[in-house]
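# A look at the structure
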Amino acid sequence: MTTYQSYTAEDPGLRVNSHFFETERGVVLVDTQLHLPYAEEVLEQIRSTTSGNLLYIVTTHAHPDHWYGNTIFRRAFPNVPIITCRSVSDEIQATALPRRERWDRLFADRIPKAEDLVFPDCVFSGRLTLKLGEHTLQVDEYGPAEAGAHTVVYVEEDRTLITGDIVDNKKHPWIGERNIDNWCAILEEFRQRYRIDTILPGHGAPGGAELLEESSQWLDNYRTVVQKHLEPEALHLTEEGAQKAFEEIVSGYPDFFLPHWGEQTNLGIGLRKLDSSFAGNSGKPIRTADGKM
Ligand SMILES: [Zn+2]
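In this convention, every chain numbers its residues from 1, walking through the sequence in written order. With pLDDT at 70 or above as the cut-off, local features in this predicted model cover only qualifying residues; side-chain atom pairs require 80 or more to be listed or tallied, and sums for whole chains, interfaces and linings still use all residues.

## Comments concerning the sheet that holds strand S1 (residues 4–8)
Paired strands, in this sense, are two strands between which DSSP finds at least two bridges. Secondary structure elements follow DSSP: runs of H or I of four or more residues count as helices, runs of E of two or more count as strands, with numbering from the N terminus. On the basis of which strands lie adjacent, the open sheet formed by six strands has the order S1-S2-S3-S4-S5-S6 and mixed pairing. In this open sheet, the two strands that pair with only one neighbour each are S1 and strand S6 (122–124). The mean angle between the axes of side-by-side strands here comes to 20°, regardless of whether they run parallel or antiparallel. As paired elements, strand S3 (residues 27–30) and strand S4 (residues 54–58) share four bridges and run parallel to each other. Across the sheet, residue Leu-29 finds its bridge partner in S4, namely Ile-57. Packed on one face of the sheet, helix H1 (residues 36–49) meets S1, strand S2 (17–22), S3 and S4 and runs near 155° to S1. This entry defines residue contacts through backbone-placed C-beta atoms, with two residues in contact when those atoms are within 7 Å. Orientation is described by axes fitted as lines to C-alpha atoms, over the contacting stretch for helices, and by angles from 0 to 180 degrees between their N-to-C directions. Where helix H3 (residues 86–107) meets the sheet, it contacts strand S5 (82–85) and S6, and its direction lies at approximately 100° from that of S5.

Take a look at the structure:
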């Protein structure tokens with residue numbers, strides 16, 4: 001059985017995970033952190049606990065907490081391919097600069113400068129199968145869920161699925177991208193498509209297949225609570241409705257991590273950018289032509 005290791009950032013780094021494991025051909029690393037000092041710690045952990053022979057990096061989605069650390073790994077391993085699917089790559093290209101501007105106000109010198117950002121450079125569509133000795137990795141492309149697109153890694157021999165933020169463990173997910181229906185459909189597709197013993201989530205501790213159920217339940221509850229506080233035919237919650245929905249959701253999950261971005265929370269922001277699946281919502285695109293959200 002393969003040893004999977006997970007590095008989890010401290011709270012300012014949103015408790016984001018980097019997962020890595022050794023194959024017969026070398027080490028595979030999935031996601032590289034938001035803050036450069038945490039990425040350095042992942043690098044140190046890989047060097048001290050594995051062969052140190054990094055073979056591939058996989059980027060699960062376009063949110064900066066999953067790939068800003070590519071900068072550190074590109075310096076240490078100039079030739080290691082950084083893999084993601086076409087739709088994630090496109091989303092990174094479209095959103096990297098405006099997002100960096102916004103995150104710069106929060107984290108300044110802990111994230112890469114714009115000119116130092118390192119994008120995935122090995123891009124596939126649909127499914128990429130990597131046969132690495134005894135390990136067969138299925139690297140699969142998914143559409144909109146927590147982000148606009150996703151790459152997941154499934155290791156057949158270990159029945160292990162590395163989900164990025166399609167599944168988080170005991171953390172309020174980011175719901176600001178209006179993809180709740182498709183997100184639920186993808187969770188169902190995971191159940192059908194993979195035999196799963198272990199899930200290595202985007203944030204929070206590893207778990208079993210029950211994490212799929214927990215994610216679905218959180219999303220169902222979110223929909224129910226928002227629906228309750230949404231005025232008939234309204235496109236958005238009122239400020240009062242958003243506040244009530246926030247309190248109801250947070251009190252229902254008292255042990256869940258709630259990420260803060262400065263003064264705001266990810267859930268607070270998300271509730272003010274409702275999903276297009278709600279009745280009456282016009283489903284406007286969340287991203288403008290210049291990539292701003
Ligand atoms: Zn994340």
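That was the structure; now back to the text.
## Some words on the sheet that holds strand S10 (residues 160–164)
Spatial ordering of the open sheet is given by S7-S8-S9-S10-S11, a layout of five strands whose pairing is mixed. With one partner strand each, in any of the chains shown, strand S7 (127–132) and strand S11 (198–201) form the two edges of the open sheet. Direction aside, the axes of adjacent strands within the sheet are offset by 20° on average. By the bridge criterion, six bridges tie strand S8 (residues 135–142) to strand S9 (residues 150–155) in an arrangement that is antiparallel. The partner of Glu-141 across the bridge, within S9, is Thr-151.

## Focus: the domain arrangement of the protein
Each domain of the protein was delimited in the assignment, giving domain 1 (4–219) and domain 2 (222–271). Summarising the inter-unit geometry, the C-alpha centres of domain 1 and domain 2 are found 26 Å apart. Looking at the side of domain 1 that touches domain 2, its residues break down into seven nonpolar, three polar and three charged. Segment limits for the domains were obtained from an automatic or database-derived domain assignment. For this classification, the nonpolar set comprises Ala, Val, Leu, Ile, Met, Phe, Trp, Tyr, Cys and Pro, the charged set comprises Asp, Glu, Lys and Arg, and every other residue, Gly included, is treated as polar.

## What about the nonpolar core?
Only buried residues count toward a nonpolar core: Ala, Val, Leu, Ile, Met, Phe, Trp, Tyr and Cys, linked into one set through C-beta atoms within 7 Å. To assign burial, the other C-beta atoms lying within 10 Å of each residue's own C-beta are counted, with C-beta atoms placed from the backbone; 20 or more indicates buried, 12 or fewer indicates exposed, and intermediate counts indicate partly exposed. Core analysis: the largest hydrophobic core is formed by 68 residues, its most contacted members being Val-28, Leu-29, Ile-57, Val-58 and Val-153. Counting contributing residues, this core receives three or more from each of domain 1 (4–219) and domain 2 (222–271). If we ignore the near neighbours within four places in the chain, the residues touching Ile-57 are Leu-29, Thr-32, Asn-70, Phe-73, Val-80, Ile-82 and Ile-83.

## Re H3
Of all the bends in H3, the largest measures some 50° and sits at Thr-95, one to four residues before the proline Pro-98. Every buried residue of H3 is accounted for by Ser-87, Val-88, Ser-89, Glu-91, Ile-92 and Thr-95. In the core, the buried residues of H3 are packed alongside S5, S6, S8 and S9. Ala-108 sits one or two residues past H3 and shows a positive phi near 35°. Here the bend at a residue means the angle between the axes of two seven-residue stretches, the one that ends at it and the one that starts at it.

## A look at the pairing of S4
With four of its five residues buried, S4 lies for the most part within the structure. Here is how to tell: hold the view so the strands point away, follow the path from the first strand over the helix to the second, and if it runs clockwise the crossover is right-handed. Considered for its hand, the β-α-β crossover made up of S3, H1 and S4 is right-handed.

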